[in-house]
2 protein chains.
Amino acid sequence: MKQRLAAIGTVETLPHRVAAFLSREIESGDLNPGARLPTEQELSEKFGVSRNVVREAIAQLRADGMIEARQGIGAFVLAPEQRAAIRIDREALKDTHNMERLFELRCILEAESAALAAARRSQEHLDAIKAALDRMSGEERWEDGSIDADLLFHREIARATGNSYIHTFISFVCEQIRQSIHYARLTNPLHDLVEVNVGEHVRIYDALVAGNPAAAEAAMRAHIIGAANRVGVRLPSARGDHTDGAR
Amino acid sequence: MKQRLAAIGTVETLPHRVAAFLSREIESGDLNPGARLPTEQELSEKFGVSRNVVREAIAQLRADGMIEARQGIGAFVLAPEQRAAIRIDREALKDTHNMERLFELRCILEAESAALAAARRSQEHLDAIKAALDRMSGEERWEDGSIDADLLFHREIARATGNSYIHTFISFVCEQIRQSIHYARLTNPLHDLVEVNVGEHVRIYDALVAGNPAAAEAAMRAHIIGAANRVGVRLPSARGDHTDGAR
DNA sequence: GATATACATATCATCCTACAACTCAATTAG
DNA sequence: CTAATTGAGTTGTAGGATGATATGTATATC
């Protein structure tokens, strides 16, 4: 928790600000793929920082595969497909529409993963999931402590799939959502419908214990749609839109 | 000493090597979350590089949320859940088991996304998808040119969901798979079953044109399982046949 | 005149030193 | 004993110097 507070409150360092600026300029299309960036010296003058700071900023973008620097020539913007990392702009998450998209992605990831977990979970996995569930139920209100337990519950399910990539992706998305919820709570006090939330989790857990993939998937889907609603995001139903796929 | 690597864009810079070393030390558990890294000066001495290089390396790890640096104290390892970025070690993808996990993740992401795309695609989206399909069909063998078109086809479908996060994630996963296929082809010459591959894509496209989410999802799922098989990965089915359910 | 070589220039890569800002602990003044 | 001060240690930033690499230009050679 001390860790997390520090992580959230991390001061914006100069390299971070420069990197964010350039990153935004690239995302917005001001700098197209193939374009050359200004020289390090020009950038250091433009931002009023030392060349060292500019280099650290570029080192970040380079590590992400956003730009490629060639000695003696300059730095060039790469195509989005060539990126080596996924990074989500937390500022953008303050926008409700983006939050909605993130919940949609989460729903896709977690629903099927829950089915996988139901088929593959071991007793050790179930114990870990149960422990998180108990911690969550102990809390009166849905705030920091129980949010931690909530996310841990989801991460443990992801771990139970036995697929480390799934675990990584879900952990990542959940963490982004935690951040955006943090913002959302500053403006809109959330309904503290703990009972509803816990109930949804229990249904997921029961399906996992039963080893019933279809039930686990359905429960997870219902839960995420509910969770989105509780933070003020109306999730467009994934597939019931017009032609309904009876599966 | 410093050998010129003619490889594509992957010039091993000193900060990159230092970052990779530290990153591996963290992943392997030599440095647990909460642990403090050696000071910048110690690291620069240990690796025989300047403090500047160490700082650029740390800037990368910091941007990924792997470590957190606090002025006046030091740099600390963060828990994996707190990462701000997803980065996949391409070396690890040479392992077939990891490739299998990656295909499983891809299947989860793309199957439901195909359903979303079927519900939301515009004519402009369909045109872009069709263009990629045509480019793919024109090729005789499944090699670099048609692989590009293949991945473009999938990216365009992701774009048709209208959800930029989905697009980002799928693009990323596809790119990782492209890399791993590149390795795989070096050892196992692949079957060039172009007709089968194109046929699977056509079925997906038809479902999108028809605006049939369930069909699109099924076609996509079948395709990815088939694609995995063709590169020598047997995908454990996501949930269709948990007939082996005796567990 | 065409080609090849040498030079000058621009740029990134690395190194170095210095100082500022911050934290923590020991010391000192009250 | 308490509280303020001091000092050492660490990261953050600045700025310059030198090496490595790519490009363009001028010169020399044929």
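Scroll up to find the structure.
Residues numbered from 1 in each chain as written. Chains lettered and ligands numbered in written order. Predicted model: local features only at pLDDT ≥ 70, side-chain atom pairs only at ≥ 80, totals over all residues. Heavy atoms only, no water.

A.B. asks: Could you clarify how one ought to interpret the overall build of chain A in this entry?
C.D. replies: Helix and strand counts for chain A come out as 10 helices and 3 strands. Reading chain A from its N end, one meets helices and strands in the order α-α-α-α-β-β-β-α-α-α-α-α-α. Sequence-distant contacts, at least 24 apart, represent 69% of the contacts inside chain A between residues at least 6 apart. (Helix = DSSP H or I, 4+ residues; strand = E, 2+ residues; numbered from the N terminus. Contact = heavy atoms within 4.5 Å.)

A.B. asks: Please clarify how the interface of chain A and chain B should be interpreted in this entry.
C.D. replies: By a widespread convention, an interface's size corresponds to the accessible area lost as its parts come together. The interface of chain A with chain B comprises 62 residues on the first partner and 62 residues on the second. Summed over both partners, the interface of chain A with chain B buries about 5,600 Å², with 54% contributed by carbon and sulfur atoms. Among the residues of chain A in contact with chain B, A:Ile86, A:Glu112 and A:Tyr165 are the three that bury the most area, contributing 13% of the side total. The tally of links between chain A and chain B comes to 8 salt bridges. A:Glu56 is the salt-bridge partner of B:Arg55, the closest N and O atoms lying 2.9 Å from each other. For the pair chain A and chain B, the number of links is 16 residue pairs in polar contact (both at pLDDT 80 or more). Going through the elements one at a time, helix 1 (2–8), helix 4 (51–63), strand 3 (85–87), helix 5 (96–120), helix 8 (164–187) and helix 10 (213–230) of chain A are the ones with two or more residues in the side of chain A that touches chain B. For the side of chain A that touches chain B, the per-class residue count stands at 25 nonpolar, 16 polar and 21 charged. Pairing between strand 3 of chain A and strand 3 (residues 85–87) of chain B: 3 bridges, direction antiparallel. In the sheet register, A:Ala85 faces strand 3 of chain B, and the bridge partner there is B:Arg87. (Buried area = accessible area lost by both parts, 1.4 Å probe. Salt bridge = Lys/Arg side-chain N within 4 Å of Asp/Glu carboxyl O. Polar contact = N/O pair within 3.5 Å; in protein donor to acceptor, adjacent residues only side chain to side chain. Nonpolar A, V, L, I, M, F, W, Y, C, P; charged D, E, K, R; others polar. Pairing = 2+ DSSP bridges.)

A.B. asks: Quick question: what am I supposed to make of the protein's contact with DNA strand C here?
C.D. replies: Lining the immediate surroundings of DNA strand C are 25 residues, of which A:Arg55, B:Leu14, B:Ser50, B:Asn52 and B:Val53 lie closest. The sugar-phosphate portion of DNA strand C accounts for 71% of its atoms within 4 Å of the protein, the bases making up the rest. Contact distances for DNA strand C include 3.0 Å between a phosphate oxygen and a side-chain N or O atom of A:Arg55. Residue B:Gln71 places a side-chain N or O atom 3.1 Å away from a base nitrogen belonging to DNA strand C. Mapped onto the surface near DNA strand C, the elements with two or more residues apiece are helix 4, strand 1 (67–70) and strand 2 (74–77) of chain A together with helix 1 (14–27) and helix 3 (51–63) of chain B. The residue makeup of the surface near DNA strand C, split by class, is 8 nonpolar, 10 polar and 7 charged. (Near = heavy atom within 4 Å.)

A.B. asks: What exactly am I supposed to notice about the pattern of salt bridges here?
C.D. replies: Here the idea is simple: oppositely charged side chains can pair when their charged atoms come close. Residues and elements named next belong to chain A. Under the counting rule described, the total for this entry stands at 32 salt bridges over all chains. Close ionic contact of Glu124 with Arg159 constitutes a salt bridge, the shortest N to O distance being 3.4 Å. You can see Glu124 sitting in helix 6 (residues 123–138) and its partner Arg159 sitting in helix 7 (residues 144–160), a full 35 residues away along the chain. Judged by its relative accessible area of 46%, Glu124 falls in the partly exposed class. (Buried < 20%, exposed > 50% of the residue type's maximum accessible area, 1.4 Å probe, protein only.)

A.B. asks: Looking at this model, I keep getting lost on helix 9 (residues 213–230) of chain B. Mind explaining?
C.D. replies: Along an α-helix, residues three or four apart share an orientation, since each turn contains 3.6 residues. Residue and element names in this part refer to chain B. Here helix 9 contains 18 residues, and its C-alpha end-to-end distance of 25 Å stays within 8% of the 26 Å for a straight helix at 1.5 Å per residue. Those residues of helix 9 lying buried are Pro213, Ala216, Glu217, Ala219, Met220, Arg221, His223, Ile224, Gly226, Ala227, Ala228 and Arg230. Capping of helix 9 at its N-terminal end is provided by Asn212; its side-chain oxygen lies 3.2 Å from the backbone amide nitrogen of Ala214. In the segment just after helix 9, Gly232 is the residue with positive phi, at about 85 degrees. (Expected span 1.5 Å × (residues − 1).)

A.B. asks: Even after reading the chapter, I still don't get the protein's contact with DNA strand D, so can you show me in this structure?
C.D. replies: Taken together, 25 residues form the shell around DNA strand D, and within it A:Ser50, A:Asn52, B:Arg51, B:Arg55 and B:Arg62 come nearest. Within 4 Å of the protein, the contacting atoms of DNA strand D are drawn from sugar and phosphate to the extent of 66%. With respect to DNA strand D, the backbone of B:Glu40 contributes an N or O atom lying 3.1 Å from a phosphate oxygen. Secondary-structure elements contributing two or more residues to the surface near DNA strand D are helix 2 (14–27) and helix 4 of chain A together with helix 3 and strand 1 (67–70) of chain B. Here the surface near DNA strand D gets 4 residues from one element, more than from any other, and that element is helix 3 of chain B.

A.B. asks: Any chance you could explain the relation of the copies chain A and chain B here in plain terms?
C.D. replies: Of the two same-sequence chains, chain A is brought onto chain B (RMSD 0.6 Å, axial shift 0.0 Å) by a rotation of 180 degrees. This pairing of chains is accounted for by a two-fold axis. Taken as a fraction of all interface residues of chain A, those also at the interface in chain B reach 84%, which identifies the copy contact as same-surface. (Least-squares fit on C-alpha atoms with pLDDT ≥ 70 in both.)

A.B. asks: What's the story with the packing of helix 4 of chain A against helix 3 of chain B in this structure? I'm lost.
C.D. replies: Two quantities define a packed helix pair, namely the angle between the helix axes and the distance between the axes. It is at 9 Å that the axes of helix 4 of chain A and helix 3 of chain B come closest, and there the two elements cross at 45 degrees. Our classification of the angle between helix 4 of chain A and helix 3 of chain B gives oblique. Pair helix 4 of chain A / helix 3 of chain B crosses with right-handed handedness. Between helix 4 of chain A and helix 3 of chain B, the residues in contact are A:Asn52, A:Arg55, A:Glu56, A:Ala59, A:Gln60 and A:Ala63 and B:Asn52, B:Arg55, B:Glu56, B:Ala59, B:Gln60 and B:Ala63, respectively. Taken together, the residues of the contact of helix 4 of chain A with helix 3 of chain B sort by class into 4 nonpolar, 4 polar and 4 charged. (Axes fitted to C-alpha atoms, helices over the stretch in contact; angles between N-to-C directions. Parallel < 35°, antiparallel > 145°, perpendicular 65-115°, else oblique. Left-handed = near helix turned anticlockwise from the far one by under 90°.)

A.B. asks: How should I be thinking about the environment of B:Ala115 in this particular structure?
C.D. replies: All names here are of chain B. Among the structural elements, Ala115 can be located in helix 4 (residues 96–120). When its relative accessible area of 3% is taken as the criterion, Ala115 is described as buried. C-alpha separation for the pair Ala115 and Ile157, spaced 42 residues apart in sequence, amounts to 9.8 Å. Excluding residues within four positions of it along the chain, Ala115 makes contact with Pro213, Ala216 and Glu217.

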